[in-house]
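# Per-entry structural report
Spelled out, the chains give:
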Amino acid sequence: MGKVEEYPIIWLQCATCTGCSVSILNSESPTIKNILVDEILPGKHLNLRFHPTIMAGAGQAVIEEMEETQKRNRGSYILMIEGAIPTIEDGAYGCIGEKDEKPITMLSAVESLGKEALAVIALGTCASFGGIAAAHRNPSKCVGVDKLFKSLSITTPLINISGCPPHPDWLVGTVAGILLKGLPKEEDLDEYKRPKAFYGKLIHENCPRRADYDEGKFAKNFNEPGCLCELGCKGPVTYADCPLRLWNGGVNWCINAGSPCIGCCEFGFPDVVSPLYQKMNVEILPIVGRRFEIE
Amino acid sequence: MLEGGLKLNKIIIDPITRIEGHLKIEVSVENGEVKDAKSSGMLFRGIEFILQGRDPRDAQMLTERICGVCPTSHSIAAALNLDSAFGISGKIPDNGRIMRNLILGAAHIADHILHFYHLAALDYLDITKVASYDGSDAVLSSLRNFAERGKLEPFIPRYEGDYRLSDEITRDVIAHYIEALTMRRKAQQMLSIFGGKLPHNTSVVPGGVTMVPTTDKIISFMWRLNELRDFIEGVYLPDVVVLANVYSDYFDIGTGCGNLLSYGSYDLDGKEADLSKRERLFKQGTVSRDLKFNKLDIAQISEDVKCSWYESGSAGIEPKFGKEGAYSWIKAPRYGGKVYEVGPLARVITNYVNNDPKIKGLVDSILSRFKAEPQKLFSVLGRHAARAVETKYIADSMQDWLLQLKPGESSYVDYVIPDESQGVGLIEAARGALGHWIEIKGKKIANYQCVVPSTWNLSPRDDRGQPGPVEQALIGTKIKDESNPFEVVRIVRSFDPCIACAVH
């Protein structure tokens, strides 16, 4: 056996539903076993040192493991963040654990670990943009990592992999890119810091029902053939490669199941695409790909 | 030191890992026995507040995002809730009803396999034993190479000590841990065939399901199901028995509150609008430790917040972090003022006492191996056994349902959103009884309430001071080694906690 380089990873779960982690468990090739155990690329192993759903240990021992990883690998560990970060009352609404009977807020953990990481991957729409947790009324004043970093003047390189949840290939492909050729360059990412390789084109551009749209054949109700625009499809304003990549090993994806795209990868989801089943404003529709503007 | 010289130690486990979400468990141990226990949910998002004022049709898309482990259960509870609010409960086409059952069944299979192998098993299984493997199996060899490199995270750190399985059995179960990763992934693929994608399936909507079943989808679903049924029968169920053989003391540990509650699930009839009267695979009702069955009266469900971080305001319950005497974001649901456990154990026992022949056969075959009475199921091992038994029961039933689908025929019925209405949706999620309630005003959501399985099981004390089910299961437990409190985490994980769900 040759020497294997270890890449320490800390995976924080903040205001999340764990759907992003479950999506990564669904990775087909490599499998999650390959990701955890095998050399993900020859001579390179992802050393997942902290992941609340997977790791064997519990309690203070795993918090110390996380802190030790940070201390020994300053500037060289990858920080994955799943979920938005509650900021209300100094972050008191969300804690990842405690040490010496003192709770550690998600806010303080993201700040401390974020500052010293090699790079941060904000996984999912909540971590990227606030997502569901930050939807209107936003009871815990959740924010995405980008917004938080800006407010704290943290300049660690950040990659957003949005999606509710994101496709496992989007994370695996991004991590493989870092291992093979280093951090993505500015021109590799879109204006929302997402890899253009996965978020470069609209759902609408590659939609199998695109011909129906062009010919004006619209489904008026579920179960019907035709473009789903009248049923609220957000494919014309959502950037992701779902129609080409498909989901869950290629067996299906939303529109193939007759379900309109709900725009789950987009900045401002779910508020800017709500009501989800209402046809979008006709003024927006002809200009496919126009970004929603909020705030 | 306490009065009388007794030694009282506090054990805090935060985070409890290998569950969904942010859970803290604190126990006070006096002379090796748990005297007090507190269960605390440590994240509040407030999805019910976020739902207010929105289009009611969005509820199933937003509520499934309460939880990425069990989104499917929320989508179906929400769809039933909206069906009832829209006045179409008895009108969903059979294809829609059956596909919803198949979607929910696939979710249960995926969740239960994940729970046993990937969330619970590491409390019993010494995965580091793979380092001494000298055989030729490719998977075990790759694990040995991993162990030899010496970076064992995320499998260390961990509690050390009480790993009792022999070397040979340990290697078998480690191989099954890896195989189970593939199996749960295939169960999610199977779900996606009718669900669209996972996590957060898209096809379940009020009125039915967005897609029409076709023969190619049915056969593709069926052969994935067949592969899973082989795994459930040939690997999962036997592994639970293997575990029970070696850890049989856990039939007497974590016995809990002794009251079980099930809403029933898997509609076998779509014409009855009243969910409490509908014929379902799993029956509705409550069962006590003496196996006495009672019909359920939904009106007796209430939620207490005395020990939860909420206070009553003019507009209802509002978050109030740091409230005096409170220690959790989880509320305390109670039935008739009493503490009830929900989950696979409740479902299996409810059908057992109603003399369901298949459930009785499966349960009795396990109990007879241990010469045990059904009461022994009220335990850590009983919960694992019930989960495995119902996985087989559901998977076998799904085979029949698949053949009842009518390819090419409708699975959806249209509706008009009423100006004002109310609804209720009751099902069994993987982790237990799940209820959604809606109030619609001006065609918008005025109020949306979810009472979720882990809200029941992980609840803190209620207004009368009664500890919740997990708290009761912990109190009285003997802890052999306080620096490696295996008993605590084994009890907690036997409930399969889901805290994003519990707080929502």
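Definitions and limits used
- Residues numbered from 1 in each chain as written.
- Chains lettered and ligands numbered in written order.
- Predicted model: local features only at pLDDT ≥ 70, side-chain atom pairs only at ≥ 80, totals over all residues.
- Heavy atoms only, no water.
- Helix = DSSP H or I, 4+ residues; strand = E, 2+ residues; numbered from the N terminus.
- Rg over C-alpha atoms; globule rule 2.2 N^0.38 Å.
- Buried < 20%, exposed > 50% of the residue type's maximum accessible area, 1.4 Å probe, protein only.
- Contact = heavy atoms within 4.5 Å.
- Areas by Shrake-Rupley, 256 points an atom, 1.4 Å probe, with all protein chains shown as cover.
- Lys, Arg positive; Asp, Glu negative; His and termini not counted.
- Charge placed at Lys NZ, Arg CZ, Asp CG, Glu CD.
- Pairing = 2+ DSSP bridges.
- Axes fitted to C-alpha atoms, helices over the stretch in contact; angles between N-to-C directions.
- Expected span 1.5 Å × (residues − 1).
- pLDDT = per-residue confidence, 0-100.
- Salt bridge = Lys/Arg side-chain N within 4 Å of Asp/Glu carboxyl O.
- Polar contact = N/O pair within 3.5 Å; in protein donor to acceptor, adjacent residues only side chain to side chain.
- Core = buried A, V, L, I, M, F, W, Y, C linked by side-chain atoms within 4.5 Å.
- Parallel < 35°, antiparallel > 145°, perpendicular 65-115°, else oblique.
- Left-handed = near helix turned anticlockwise from the far one by under 90°.
- Nonpolar A, V, L, I, M, F, W, Y, C, P; charged D, E, K, R; others polar.

In terms of regular secondary structure, chain B is built from 14 helices and 17 strands. In terms of overall size, chain B behaves like a compact globule, its C-alpha atoms giving a radius of gyration of 22 Å where 504 residues would be expected to give roughly 23 Å. Each principal axis of the C-alpha atoms in chain B carries an extent, and together these give about 65 × 60 × 45 Å. Across the 504 residues of chain B, 68% fall into the buried class. Long-range contacts, defined here as pairs at least 24 residues apart, represent 74% of the contacts in chain B between residues at least 6 apart. As displayed, chain B offers around 16000 Å² of accessible surface, 49% of which is attributable to carbon and sulfur atoms. Each charge class in chain B can be summarised by its mean position, and for the 61 positive and 65 negative side chains these summaries are 1 Å apart.

Turning to the overall build of chain A, a few remarks are in order. Summing up its helical and strand segments, chain A has 11 helices and 9 strands in all. Relative to the 2.2 N^0.38 estimate, which gives 19 Å for 295 residues, the radius of gyration of chain A is 20 Å and therefore close to what a compact globule would have. A principal-axis box enclosing the C-alpha atoms of chain A has dimensions of 60 × 50 × 35 Å. Out of the 295 residues in chain A, the part that is buried amounts to 65%. The long-range fraction of contacts in chain A, counting pairs at least 24 apart against all pairs at least 6 apart in sequence, stands at 74%. Surface accessibility of chain A: about 10900 Å² in total, with carbon and sulfur atoms responsible for 52%.

Residues and elements named next belong to chain B. Taken together, the 3 strands give an open sheet; going across it, the order is β1-β2-β3, and neighbouring strands pair in antiparallel fashion. This sheet does not close on itself; its edge strands, each paired only once, are β1 (8-13) and β3 (33-41). With strand direction ignored, the average angle separating the axes of adjacent strands in the sheet is 15 degrees.

With that settled, the discussion passes to helix α7 (residues 168-181) of chain A. Residue and element names in this part refer to chain A. With 14 residues, α7 should cover 20 Å at 1.5 Å per step; its first-to-last C-alpha distance of 20 Å lies within 8% of that length. Within the span of α7, buried status applies to P168, W170, L171, V172, T174, V175, G177, I178 and L179. In the segment just after α7, G182 is the residue with positive phi, at about 85 degrees.

What follows is about the confidence of the model for chain B. When the pLDDT values of chain B are averaged, the result is 96; 99% of them are 70 or greater. Reported confidence for the predicted complex is 0.96 by ipTM and 0.97 by pTM.

This next bit is on the interface of chain B and chain A. Listed as interface residues are 81 residues of chain B and, on the opposing side, 83 residues of chain A. The tally of links between chain B and chain A comes to 7 salt bridges. Measuring nitrogen to oxygen at the nearest pair gives 4.0 Å for the salt bridge that ties R149 of chain B to E6 of chain A. Our enumeration of links across chain B and chain A arrives at 45 residue pairs in polar contact (both at pLDDT 80 or more).

All names here are of chain B. Among the 10 residues in strand β15 (residues 420-429), 7 count as buried, and that is most of the element. One ladder, built from 10 bridges, connects β15 with strand β16 (residues 432-441); its direction is antiparallel. Each bridged residue has a counterpart across the sheet, and for Q422 the counterpart in β16 is E439.

To continue, consider the nonpolar core. Judged by nonpolar contacts, the single largest core of 271 residues is most densely connected at L12 of chain A together with I109, F194 and M398 of chain B. With near-sequence residues (within four places) excluded, F194 of chain B lies in contact with M99, L102, I103, S203, V209, M211, P213, K217, I218, F221, L402 and L405 of chain B.

Moving on to the pairing of strand β6 (residues 102-105) of chain A. All names here are of chain A. Examined bridge by bridge, strand β5 (residues 95-99) and β6 share 4 bridges and lie antiparallel to one another. Across the sheet, residue K99 finds its bridge partner in β6, namely K102. Between the end of β5 and the start of β6, which pair antiparallel, lie 2 residues, with D100 showing a positive phi angle near 50 degrees.

Residue and element names in this part refer to chain B. End to end, helix α6 (residues 167-195) covers 41 Å across 29 residues, agreeing with the expected 42 Å (1.5 Å per residue, within 8%). In terms of burial, α6 is a largely internal element, 21 of the 29 residues being buried. The first or second residue beyond α6 is G196, which carries a positive phi of 100 degrees.

Further remarks concern the side chain of R431 of chain B. Residues and elements named next belong to chain B. Locating R431 in the fold gives a position in the loop between β15 and β16. Relative accessible area serves as the criterion here: at 3%, R431 is assigned to the buried category. Here D496 takes part through its backbone oxygen, which lies 3.2 Å from a polar atom of the side chain of R431. Residues contacting R431, with those up to four places away along its chain left out, are V69, C70, D111, V342, G343, P453, S454, N457, D496, P497 and C498.

On the secondary structure map, R158 of chain B appears in the loop between α5 (138-149) and α6. Exposure remark for R158 of chain B: the relative accessible area of 14% places this residue in the buried category. A polar side-chain atom of R158 of chain B sits 2.8 Å from a polar atom in the side chain of D126 of chain B. Reaching out from R158 of chain B, the side chain makes a polar contact with the side chain of E160 of chain B at a distance of 3.1 Å. Every residue in contact with R158 of chain B, bar those within four places of it in the chain, is listed here: A56 and G57 of chain A together with L125, D126, I127, T128 and Y163 of chain B.

All right, on to the environment of V413 of chain B then. Residue and element names in this part refer to chain B. Note that V413 resides in the loop between α10 (380-404) and β15. Along the backbone, V413 and P93 are 320 residues apart, and their C-alpha atoms lie at a distance of 6.9 Å. Not counting residues within four places of it along the chain, the set of residues in contact with V413 comprises I88, K91, I92, P93 and G207.

A word on the pattern of salt bridges. Taken as a whole and assessed by the stated rule, the structure comprises 60 salt bridges over all chains. For K279 of chain A, the salt bridge goes to E230 of chain A, with nearest N and O atoms at 3.3 Å. One end of the pair, K279 of chain A, is in the segment after α11 (242-245); the other, E230 of chain A, is in the loop between α10 (210-214) and α11, and 49 residues separate them in sequence. When its relative accessible area of 28% is taken as the criterion, E230 of chain A is described as partly exposed. As a salt-bridge pair, E26 of chain B and K24 of chain B come within 4.0 Å of each other at their nearest N and O atoms. No difference in accessibility class separates E26 of chain B from K24 of chain B, as the two residues are buried. Through salt bridges that share partners, D162, R164, D249 and R490 of chain B make up one connected network.

Moving on: the packing of helix α4 (residues 94-120) of chain B against α10 of chain B. Residues and elements named next belong to chain B. Taken N-terminus to C-terminus, the directions of α4 and α10 make an angle of 150 degrees; their axes are 9 Å apart at the nearest point. Between α4 and α10, the angle falls in the class roughly antiparallel. Once α4 is placed against α10, the crossing between them reads as left-handed. Across the interface between the two elements, I98, N101, L102, G105, A106, H108, I109, H112, H115, F116 and A120 from α4 touch H384, R387, E390, T391, I394, A395, M398, W401, L402 and Q404 from α10. Its residues assigned to classes, the contact of α4 with α10 shows 11 nonpolar, 8 polar and 2 charged.

Residues and elements named next belong to chain B. Taken in spatial order, the 3 strands line up as β6-β9-β10 in an open sheet, and their pairing is antiparallel. Each having just a single partner strand, β6 (259-262) and β10 (293-294) make up the two edges of the open sheet. Across 4 bridges, the pairing between β6 and strand β9 (residues 285-288) is antiparallel. Residue pairing across strands places L261 opposite T286, the latter belonging to β9. Against the sheet, helix α8 (residues 344-353) makes contact with β6, β9 and β10, and its axis sits at roughly 90 degrees relative to β6, the strand it touches most.

When two helices pack together, their arrangement is captured by the angle between the axes and the distance separating the axes. All names here are of chain B. Where α4 meets helix α7 (residues 215-246), the axes come as close as 11 Å, and the angle between the chain directions of the two elements is 35 degrees. Of the two possible hands of crossing, α4 and α7 adopt the one that is left-handed. Within the contact between the two elements, α4 uses L102, I109, H112, I113, F116 and Y117 and α7 uses F221, L225, L228, F231, I232, V235, Y236, D239, V240 and L243. Residue composition of the contact of α4 with α7, by class: 14 nonpolar, 1 polar and 1 charged.

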